[in-house]
Amino acid sequence: MAFTIAIDGPAAAGKGTISKAVAAHFGYAHLDTGLLYRATGARMLDGLDPLEAARALVPDDLKREGLRSADVARAASQVAALPEVRRALVDFQRAFARRAGGAVLDGRDIGTVICPEAEVKLFVTASDAVRAERRHAELTAYDPEVTLESVLADLRERDARDSARATAPLKPAEDAQLIDTTDMDIKAAVAAAIAIVTARQDEV
Ligand code: C5P
């Protein structure tokens, strides 16, 4: 049976960690849809046309090294503002979402555009300062020189572009349940998500 969990929210709010943990808990497949845009952005930085890159994506591209870097994140958010690029990635995401056995997808537009019929929709947020601290801790693994100020500026720039774009902007679905992880540790955030999913599973 298909059961889709859509998890959206801004960068570094904790949706990736929550999604992985929720998928593992319920035995569902997980797709980090940001990787589709990051892989497309990385190919654009290689010099390819972004639309051709999006159309030619294969699953192995999502395993490419360096997709978590700040440069690729910026490129991802640029290609993600192109409606044709988004369109090229829709079918893959919808097929993944409705696969048998359950699926968790995290991104920006899963509950609003990709899967408006998802059984569970979560919108995960946290304050700018907390999100920047978390992303800074991750990025120093690649680049020990990166500063908290530059990470905060990058996050704000990316969120502003993701929220302002005309096609599939970052925003909660009307029926999404909000999880604000500002004052939560990861265990509490995962527990909150699992409780919401469990309650919904009892209804369907
Ligand atoms: O989630 P992540 O930070 O990896 O996403 C990278 C970029 O990809 C985002 O800033 C956003 O521009 C784009 N994205 C999107 N829609 C999604 C997932 C990611 O536009 N569903």
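Before any of the text, the structure's been laid out above.
Residues numbered from 1 in each chain as written. Predicted model: local features only at pLDDT ≥ 70, side-chain atom pairs only at ≥ 80, totals over all residues. Heavy atoms only, no water.

1. Regarding the overall build of the protein chain
Right, so step 1: What the protein chain contains, in helices and strands, is nine helices and five strands.
Right, so step 2: Listed N to C, the secondary structure of the protein chain is β-α-β-α-α-α-α-β-α-β-α-α-β-α in terms of helices and strands.
Right, so step 3: Taking 204 residues into account, the globule formula puts the C-alpha radius of gyration at 17 Å, and the protein chain, at 16 Å, falls close to it.
Right, so step 4: Dimensions along the principal axes, computed over C-alpha positions, put the protein chain at roughly 50 × 35 × 30 Å. (Helix = DSSP H or I, 4+ residues; strand = E, 2+ residues; numbered from the N terminus. Rg over C-alpha atoms; globule rule 2.2 N^0.38 Å.)

2. A closer look at helix H9 (residues 186–203)
Right, so step 1: Look at H9: 26 Å from first C-alpha to last across 18 residues, which is about the 26 Å you get at 1.5 Å a residue.
Right, so step 2: Those residues of H9 not exposed but buried are Ala-189, Val-190, Ala-193, Ile-194, Ile-196 and Val-197. The buried residues of H9 occupy an angular sector of 160 degrees when projected down its axis, which confines them to one face. Away from the buried face of H9 by more than 90 degrees, exposed residues Lys-187, Asp-202 and Glu-203 are located. (Expected span 1.5 Å × (residues − 1). Buried < 20%, exposed > 50% of the residue type's maximum accessible area, 1.4 Å probe, protein only. Arc of directions from axis to C-beta.)

3. Describing the environment of Ile-186
Right, so step 1: Here Ile-186 is to be found in helix H9.
Right, so step 2: In this structure Ile-186 comes out as partly exposed when scored by relative accessible area, which is 42%.
Right, so step 3: Considering only alpha carbons, one finds Ile-186 and Asp-46, 140 residues apart in sequence, at a separation of 35 Å.
Right, so step 4: Apart from residues lying up to four places away in sequence, Ile-186 is in contact with Thr-17 and Ile-18. (Contact = heavy atoms within 4.5 Å.)

4. A look at the packing of helix H2 (residues 34–45) against helix H4 (residues 70–79)
Right, so step 1: Axis separation between H2 and H4 bottoms out at 7 Å; the angle between their running directions is 100 degrees. It follows that H2 is roughly perpendicular to H4 by the angle criterion. Here Tyr-37, Arg-38, Thr-40, Gly-41, Ala-42, Met-44 and Leu-45 of H2 come into contact with H4, specifically with Asp-71, Val-72, Ala-73, Ala-75, Ala-76, Gln-78 and Val-79.
Right, so step 2: Across the contact of H2 with H4, the residue classes tally to nine nonpolar, three polar and two charged. (Axes fitted to C-alpha atoms, helices over the stretch in contact; angles between N-to-C directions. Parallel < 35°, antiparallel > 145°, perpendicular 65-115°, else oblique. Nonpolar A, V, L, I, M, F, W, Y, C, P; charged D, E, K, R; others polar.)

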